[in-house]
Amino acid sequence: MTIMRISSARIAAIAGCTAVIAVFGAPASYADHQFKGSGLPDNKTQDFQGHSLTAKGTAAMKHGKQQLERSKITTKWGSGDIHFFDGKYGNTGWFGQTRCEVRNGPKCGSFSIHFNQSAMGSRSTSAWESLGCHEVGHTGDLGHRKSNKSCMIDGNSFPRNYDSHDIWAINKTV
């Protein structure tokens with residue numbers, strides 16, 4: 001059993017979203033996602049850039065890029081849209097984290113993805129690739145899933161790919 005730490009601000013946001021969904025119903029593209037991701041991408045082309053990544057961090061970034069390319073979003077190497085970092089962030093309770101760094105309304109012009117070496121350390125390259133898939137999914141505005149066939153599952157399970165629902169949901173955002 002994995003225990004996830006959730007801040008009081010996130011609990012309030014989830015409660016607010018739950019109230020909206022109870023009144024209006026879940027948006028079709030997120031019917032199976034527990035909550036939305038880190039923001040809508042600002043366009044259909046996303047530049048990927050790694051910053052001093054370990055070999056496993058690089059593998060995670062490349063796999064996340066390959067998975068996103070399965071959607072309508074085009075990816076390329078460059079700077080500006082999605083920045084990857086890995087470091088020893090300590091016993092924080094998280095494997096990876098995605099943040100919108102430059103927001104323009106509901107859209108995000110620049111994301112940062114941080115892989116936590118302290119939590120992921122000796123895990124297999126395959127587990128790191130699952131983490132890359134998961135964190136990049138948040139840049140396509142995907143939330144966590146209950147499906148164990150999707151890399152968007154939250155917890156200590158490591159499926160490596162998006163399932164067809166994830167691709168469909170990303171495509172609805174762009």
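Residues numbered from 1 in each chain as written. Predicted model: local features only at pLDDT ≥ 70, side-chain atom pairs only at ≥ 80, totals over all residues. Heavy atoms only, no water.

### Let's talk about the overall build of the chain
Turning to step 1, where the next piece is worked out: What the chain contains, in helices and strands, is five helices and six strands.
Turning to step 2, where the next piece is worked out: The linear arrangement of helices and strands in the chain, starting from the amino end, is α-β-β-α-β-β-β-β-α-α-α.
Turning to step 3, where the next piece is worked out: Sorting the 174 residues of the chain into buried and exposed places 45% on the buried side.
Turning to step 4, where the next piece is worked out: Here the contacts in the chain between residues at least 6 apart in sequence split such that 71% fall between residues at least 24 apart.
Turning to step 5, where the next piece is worked out: Of the roughly 8800 Å² that the chain leaves accessible, carbon and sulfur atoms contribute 53%. (Helix = DSSP H or I, 4+ residues; strand = E, 2+ residues; numbered from the N terminus. Buried < 20%, exposed > 50% of the residue type's maximum accessible area, 1.4 Å probe, protein only. Contact = heavy atoms within 4.5 Å. Areas by Shrake-Rupley, 256 points an atom, 1.4 Å probe, with all protein chains shown as cover.)

### Brief notes about the state of the cysteines
Turning to step 1, where the next piece is worked out: All chains considered together, the criterion is met by two disulfides.
Turning to step 2, where the next piece is worked out: Sulfur-sulfur distance for the disulfide between Cys100 and Cys108 comes to 2.3 Å. Measuring handedness by torsion sign, the sulfur bridge of Cys100 and Cys108 sits at about 110 degrees and is right-handed.
Turning to step 3, where the next piece is worked out: With a relative accessible area of 0%, Cys108 lands in the buried category.
Turning to step 4, where the next piece is worked out: One disulfide bridge connects Cys133 with Cys151, the sulfur atoms lying 2.1 Å from each other. (Disulfide = S-S within 2.5 Å.)

### Structural notes on helix 5 (residues 164-173)
Turning to step 1, where the next piece is worked out: Counting buried positions along helix 5 gives seven out of ten residues, so the element sits mostly inside the fold.
Turning to step 2, where the next piece is worked out: Among the residues making up helix 5, those that are buried are His165, Asp166, Ile167, Ala169, Ile170, Asn171 and Thr173.
Turning to step 3, where the next piece is worked out: Buried residues in helix 5 make contact with strand 1 (40-41) and helix 2 (55-68).
Turning to step 4, where the next piece is worked out: Where helix 5 begins, the side chain of Asp163 points an oxygen toward the backbone nitrogen of His165, at a separation of 3.1 Å. (Polar contact = N/O pair within 3.5 Å; in protein donor to acceptor, adjacent residues only side chain to side chain.)

### Thoughts on unusual backbone geometry
Turning to step 1, where the next piece is worked out: Unusually for a residue other than glycine, Ser52 sits at a positive phi of about 50 degrees.
Turning to step 2, where the next piece is worked out: Its place among the elements puts Ser52 in the loop between strand 2 (45-50) and helix 2.
Turning to step 3, where the next piece is worked out: Of note, Asp141 is a non-glycine position whose phi angle comes to about 70 degrees, a positive value.
Turning to step 4, where the next piece is worked out: Inspection of the secondary structure assignment puts Asp141 in the loop between helix 4 (125-139) and helix 5.

### A word on the packing of aromatic side chains
Turning to step 1, where the next piece is worked out: With the rule as written, the count across this model stands at six aromatic pairs.
Turning to step 2, where the next piece is worked out: A ring pair is formed by Phe48 and Trp77, whose centres lie 6.3 Å apart and whose planes are at 80 degrees; its orientation type is edge-to-face. With Phe48 in strand 2 and Trp77 in strand 3 (residues 74-77), the pair connects residues that are 29 residues apart, well separated along the chain.
Turning to step 3, where the next piece is worked out: Classification of Trp77 by relative accessible area gives partly exposed; the value is 47%.
Turning to step 4, where the next piece is worked out: With 6.0 Å between their ring centres and 70 degrees between their planes, Phe115 and Trp128 make a pair best called edge-to-face. One end of the pair, Phe115, is in strand 6 (residues 107-116); the other, Trp128, is in helix 4, with 13 residues separating them in the sequence.
Turning to step 5, where the next piece is worked out: Ring-pair connections join several aromatic residues into one group, and the members of that group are Phe48, Trp77, Phe84, Phe115 and Trp128. (Phe/Tyr/Trp six-rings, centres within 6.5 Å; stacked < 30°, edge-to-face > 60°.)

### Some words on the nonpolar core
Turning to step 1, where the next piece is worked out: Judged by nonpolar contacts, the single largest core of 27 residues is most densely connected at Phe48, Phe84, Phe115, Val136 and Tyr162.
Turning to step 2, where the next piece is worked out: At the level of secondary structure, the elements contributing two or more residues to this core comprise helix 2, strand 4 (82-87), strand 6, helix 4 and helix 5.
Turning to step 3, where the next piece is worked out: It is helix 4 that contributes the most residues to this core, five residues altogether.
Turning to step 4, where the next piece is worked out: Ignoring any residue separated from it by four or fewer positions in sequence, one finds Val136 in contact with Phe48, Gly64, Leu68, Phe84, Ile113 and Tyr162. (Core = buried A, V, L, I, M, F, W, Y, C linked by side-chain atoms within 4.5 Å.)

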